[in-house]
Structure formats: C-alpha cells, structure tokens
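# Topology and contacts: notes
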Amino acid sequence: MAPGEKIKAKIKKNLPVTGPQAPTIKELMRWYCLNTNTHGCRRIVVSRGRLRRLLWIGFTLTAVALILWQCALLVFSFYTVSVSIKVHFRKLDFPAVTICNINPYKYSAVRNLLADLEQETREALKSLYGFPESRKRREAESWSSVLEGMQPRFSHRIPLLIFDQYEKGKARDFFTGRKRKVDGRIIHKASNVMHIESKQVVGFQLCSNDTSDCATYTFSSGINAIQEWYKLHYMNIMAQVPLEKKINMSYSAEELLVTCFFDGVSCDARNFTLFHHPMHGNCYTFNNRENETILSTSMGGSEYGLQVILYINEEEYNPFLVSSTGAKVIIHRQDEYPFVEDVGTEIETAMVTSIGMHLTESFKLSEPYSQCTEDGSDVPIRNIYNAAYSLQICLHSCFQTKMVEKCGCAQYSQPLPPAANYCNYQQHPNWMYCYYQLHRAFVQEELGCQSVCKEACSFKEWTLTTSLAQWPSVVSEKWLLPVLTWDQGRQINKKLNKTDLAKLLIFYKDLNQRSIMESPANSIEMLLSNFGGQLGLWMSCSVVCVIEIIEVFFIDFFSIIARRQWQKAKEWWARKQAPPCPEAPRSPQGQDNPALDIDNDLPTFNSALHLPPALGTQVPGTPPPKYNTLRLESAFSNQLTDTQILDEL
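All values reported here derive from a predicted model rather than from experimental measurement. (Residues numbered from 1 in each chain as written. Predicted model: local features only at pLDDT ≥ 70, side-chain atom pairs only at ≥ 80, totals over all residues. Heavy atoms only, no water.)

On the surface, Ile550, Phe553, Phe554, Ile555, Phe558 and Ile561 cluster together into a nonpolar patch covering about 560 Å² of accessible area. Along the polypeptide, Phe554 turns up in helix α17 (residues 543-577). (Patch = residues over 30% accessible without salt bridge, like charges linked within 9 Å, V, L, I, M, F, W, Y side chains within 5 Å. Areas by Shrake-Rupley, 256 points an atom, 1.4 Å probe, with all protein chains shown as cover. Salt bridge = Lys/Arg side-chain N within 4 Å of Asp/Glu carboxyl O. Helix = DSSP H or I, 4+ residues; strand = E, 2+ residues; numbered from the N terminus.)

In structure tokens form, the structure reads like this:
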C-alpha cells in the first residue's frame, strides 16, 4: 500500500463514525436518539439536567409498555376467532309444507296383515287388566275363534312379562301364566327394575342369536310396554310389504285434502307432491319446488297463506299403533327432508289450527370460527337421504349405517342404505335385540355419531305461533258439513261429522325475514390499523418510523455484533495460521530494537508505551546523527546578491 493510502486509512480509522455504521452500540443508540422521529427518545439525549432526563426516560418506557400491552390485546383478540352478527330484514318466499295423517294406513286395508298380531295384543290386555279391548266397529267379529287352538307366534318370539316387586329375578308370562327366571340384565330406561316403587311393571325379553345373551326391557305403564311391543312386530310385518302396495293402502291426496286455498287462490291435490314415510304412510308436500318454481305470498296474515281442510277418517285408525287422531304438519325448506316423527306439529280434529310463521335464516362461519360444515362433504358419514345435509340427517344416516354393519339389516323407519334390506324375522330372526342394544349405545353416545356429525353452516328456522279454535261452530256445522259431504261424495260414501275433519291455516305474520350472518370480528387490515393507532397515540410513530426502528434495532444492532465477532474470528485465525517469527539480526548501525520493526508506520507515544521490551536484549543507545545530512543546499545558490557586479559591467 502506498504511503498516502496508509495515511488516509489511518485518519479514517481514527475519525469518529456515526449513523448505522457506528462501531459501538452506544454510539448507534446516541445517533438514533438524535435523529429519530419518536420525540421521547430524542428528549432523553438532548434534555439538560438529570431530573428532566429521568422523567423523559420514565415517560418513554411507560409509553413502550402501554404499546406492548395494547398490541398484545389486539393479537389475542385477533386469534380468538370471534364473530360479529348482523341482523337485517327482507321479504321471503313461502316454505314447503308437508302434511301427514297420524294413522299411516287405512285399517281396512292392513287388517288382514295384522290380524294375528292384534289378537295376541287383545289377549295381553285381557290377561293384564282383566278386560278385552273392544270397539263398536269390531264387536261383530269373534276374535277368539280366529286363533282358537293355535300357539301365539308373536308372544313366543318376544314374550311379554310381568315383574312383581316382591319376586326378584322372576317374571310371569302374559299368555302362559308361568313364571320364569330372568337374568340380571333388566333395563328400565336408566334404572334397574328392582328400584321401581310400583308393585308391578310390564316388559318384554329380547335375546341374541344364540339365546345366551338376553336383555329385558321394562316399562312402568302397561300401555307403553304393549305399544312398544306392538310397534316392533308392526315394523317387522310392514317391512315385507312392497312399496307400491303400501302406497295403495294409505290415503290418497284426494281423500286427505278436502279444500285448499293459497294466497286467496284455489288449489287442489295437483299442487301437492307425494312423499311416503314408513311410519306415517302417504304424506303430501305443498310448494315442493315443482317445475323449478317456488311460490310466494303477496302479503302477511292468515288470508294470504295456505288454508286446507283435511279429512282424517277416524274410523280407519289402527287402535294399537296410534292413540290420537289428527294430522301432522312440518314446515321446512324445499331441499330439506321432512322429519315428521321428530319435529312435526299435530293438528287436532274438530278444530281450526292457525300457525303463524316467522323465519330466521342463519349463516355461520366455518373453521376456525366454528365446527360447522358447508354441505357435509367433510363429514365421513354417507348421506342416505335424498335431501340437503343437516345435523339430523347425519345422525340418522350414521345410526342406519351402524345398524347395517352390526345387525346385517336396516331399521324400518329410516331410508335404506345401498345394497341393504329392511330387518324382518325371516332373514334376521333376532334383529330386535341388536337394534335395542345399538339404539342404547347411540343414545349414550358410544357409537361416535355425535362427535363426527357437524351442524350445517347455513340453515333456516321457522318460529311457529300456534292457536286453536273450535271448528266448525255449532251454528255453521248445519250447512258446512252437508256441503263438504257433497264435495267429497266421489271419494267417500258416508256423511261427514266434525270429528273427521281438521282445518289448517299456515301463514307469515309479516313478510320480514331476520337474517343472522357471522363475520370475522378481526381482520388483518383491522389489526394493522389498530397497531398504527396505538403507535401514533403513544409515540407519534408512523410506518416509516417503524421501519426505522426495525432497521436500527434489528439490522444495525446485530450487524455491529456480527462485525465484532467476525473481526475476532479473523484475528484468531490469523494468529493460528501465522508461523513463528525468527530472531531479527543485529543492525550494524545499532538500530536493533525489535519493537521498531512491528509496523512500517512510526509508533505513537501511546503505542510505544504498550510495546514490550525485547527478550534477552538491552535497549541500545541511539547512534549520533550524520551531520552531513543536516547541510542545507539551496536551489538558488547561483543567484547573485544585490551588491554583486557582473564582470561584463
């Protein structure tokens, strides 16, 4: 390196360096405080007096603590996945309305199929209560002669038992009267039969295929026991009947619907769509999106909704299957499956039932805000219903799938999964025991259906307000019933009475819809704006100031540390790689001080004080200077003096 470049490098090294290239952190912090836009940091440096400087330090640290606290709250609020709800109102379309008779099939059509079962049921009632069940329309027949001398096959397959409080572990058979020993697995809802305070309880026993594992189900009331026992055999019988035959045995639309009005316009059976339910027979749905159109009402109120008069025909009711008369109605979406047995509203005969509706539509956010599903595609349960996904559909589909896997057949009241058949005695003799065990596990959430199924993210819910009034009135039935009898003359051949009829009104109380929509309460934009507000409020910072803080406290701060560590590493490596220095020869001029050969540059006074003396040598004396070097030779030695005269002159 040239001598001039060495001098420049030495001067540059000794000059004070400020800014991001400062050699020490103290100088970097001082430069930042003097040049930053955050006034608190600048006041710490420029303030005069220790008290004022301490106050500014306290104010600045307090502001920084408040910023960190507020920003932490904002971050926590951002990750709590909270939602905000917006409610607005708008006009809406009319929903789908499904109407079913409580009695699924006309008794005259299924009478032959259920004759043996009903006779054994009558015998059970006679044995338990001491009187035979009788109805006027069946008194003409002698049921005792039908099965005289025959063994009861239904009670033999599922025996009805009477349990006495004083005889634990034993029960008496309904039909034989004999007592039998009962094992310890006696299920009475959630209690053991031995803890029931009543003297007698009624139940039936179900066993597995090998008859070694049995369970006895008991009921406090004989009515519940006999109806449940009858229902099991009823499902077994009807599961073997073809669908077309069951449709013919149920009520037609012309028989069920006497009159129809919608929005002040007359309608008839052609405006209803057939829907066959296993436990309710033929049901009919109004406004089921036929021809891809959905009806709507022009105004709210009972005059602009759906008005129908239903023919119930109480004489065709099955006495053991249903114990009430009337119809069931359910209001639902057009693409939703009508669960009549779960959420249906019962309509009473000889009454007018007014149902005022108010619609609430909800839209929920999916993960991570909630555990809902958009369309059920992310739920590992196959939808066996020909309808849109819902939580109820998922639960029933899960149970039916488990039923096919565990019992080998499907339960009668639900749709059939692919390649499955309904349970019956011929193919699955002991399916009832499997069904009860599986249903008990389902209720106790042991099958895992409740944990797998999710709620739908969007759904509609109709809030119903129901009111009743006597219909027809005493003064109007004198003319109203004959007119209705004449209108239905082609469908029925009897005179109508008011216990055979029911009137139904379904309408919107108003045409406003309440929509509840969830939206994220926090977003990235809101989080950044909140950060900016806190920084501006407490430290008068902007985005540029934040970038400056990042540059100084992260980039420059760590670069200084990195440079120092790198320099130390280089020096260590140089010392490690350098060979040992040989002993310098003695100078003939006496300038043999080895300390003078360390650097080409002349040592300063301070550096000379820190130099160690040469080992084993004595500091030589300084030789005398060469005096000929001190001779001054002027460049103007030939110049004449002022008094000198030239020879020419």
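Back to the text.
The subject of this paragraph is helix α12 (residues 391-407). The end-to-end C-alpha separation of α12 is 24 Å, in line with the 24 Å expected for 17 residues at 1.5 Å each. The complete set of buried residues in α12 reads Ile393, Cys394, His396, Ser397, Cys398, Phe399, Gln400, Met403 and Cys407. If you follow the buried residues of α12, they end up packed against α11 (340-343), α13 (431-443) and α14 (449-452). Phi turns positive one or two residues past the end of α12, at Gly408, with a value near 85°. (Expected span 1.5 Å × (residues − 1). Buried < 20%, exposed > 50% of the residue type's maximum accessible area, 1.4 Å probe, protein only. Contact = heavy atoms within 4.5 Å.)

What the rule picks out here adds up to 7 disulfides. Linked covalently through their sulfurs, Cys260 and Cys267 form a disulfide whose S-S length is 1.7 Å. Between Cys260 and Cys267, the S-S torsion sits near -75°, and that sign places the bridge as left-handed. Both residues of the pair, Cys260 and Cys267, belong to the buried class. Bridging Cys372 to Cys457, the disulfide has an S-S length of 2.1 Å. In this structure the cystine formed by Cys372 and Cys457 twists about its S-S bond by roughly 90°; its chirality is therefore right-handed. Taken as a pair, Cys372 in the loop between β16 (351-363) and α12 and Cys457 in the loop between α14 and β17 (458-470) lie far apart in primary sequence, 85 residues in all. Across the pair, Cys457 and Cys372 agree in class, each one buried. (Disulfide = S-S within 2.5 Å.)

Close approach of charged atoms lets side chains of opposite charge pair. On inspection of all chains with the given rule, the structure shows 9 salt bridges. A salt bridge links Glu455 to Lys364; the nearest nitrogen and oxygen atoms lie 3.6 Å apart. Here Glu455 is found in the loop between α14 and β17, whereas its partner Lys364 is found in the loop between β16 and α12, with 91 residues between them in sequence. On the basis of relative accessibility, which here comes to 26%, the residue Lys364 falls in the partly exposed class. Residues joined by salt bridges that share partners form a network here, namely Arg333, Asp335 and Glu336.

Our next topic: the pairing of strand β9 (residues 257-262). On a regular strand, each side chain points to the face opposite its neighbour's, so the side chains alternate between the two faces of the sheet. Relative to strand β13 (residues 306-311), β9 is paired through 5 bridges, and the arrangement is antiparallel. Across the sheet, the residue bridging to Phe262 is Leu306, located in β13. Pairing of β9 with strand β10 (residues 265-266) involves 2 bridges; the strand directions are antiparallel. Paired with Phe262 across the strands is Val265, a residue of β10. Where β9 folds back onto β10 in an antiparallel hairpin, the turn is made up of 2 residues, including Asp263, whose phi is positive at roughly 55°. (Pairing = 2+ DSSP bridges.)

With respect to the secondary-structure elements, Asp263 resides in the loop between β9 and β10. Separated by 35 residues in the primary sequence, Asp263 and Ser298 have C-alpha atoms spaced 7.1 Å apart.

Further remarks concern the packing of helix α8 (residues 222-238) against α13. Running from amino to carboxyl end, α8 crosses α13 at an angle of 120°, the nearest separation of the two axes being 12 Å. Looking at the two axes, α8 sits oblique to α13. Handedness of the α8/α13 crossing: right-handed. Here α8 contributes Glu228, Leu232, His233, Met235 and Asn236 to the contact with α13, which in turn contributes Trp431, Met432 and Tyr436. Among the residues making up the contact of α8 with α13, the classes are represented as 5 nonpolar, 2 polar and 1 charged. (Axes fitted to C-alpha atoms, helices over the stretch in contact; angles between N-to-C directions. Parallel < 35°, antiparallel > 145°, perpendicular 65-115°, else oblique. Left-handed = near helix turned anticlockwise from the far one by under 90°. Nonpolar A, V, L, I, M, F, W, Y, C, P; charged D, E, K, R; others polar.)

Looking along the chain, the bond that leaves Glu367 and enters Pro368 is cis, with omega of 10°. As for its placement among the helices and strands, Pro368 is situated in the loop between β16 and α12. Backbone torsion omega between Trp471 and Pro472 reads -10°, so that peptide bond is classified as cis. Despite not being glycine, Asp263 shows a phi value in the positive range, around 55°. One non-glycine residue, Asn313, adopts positive backbone phi at about 60°.

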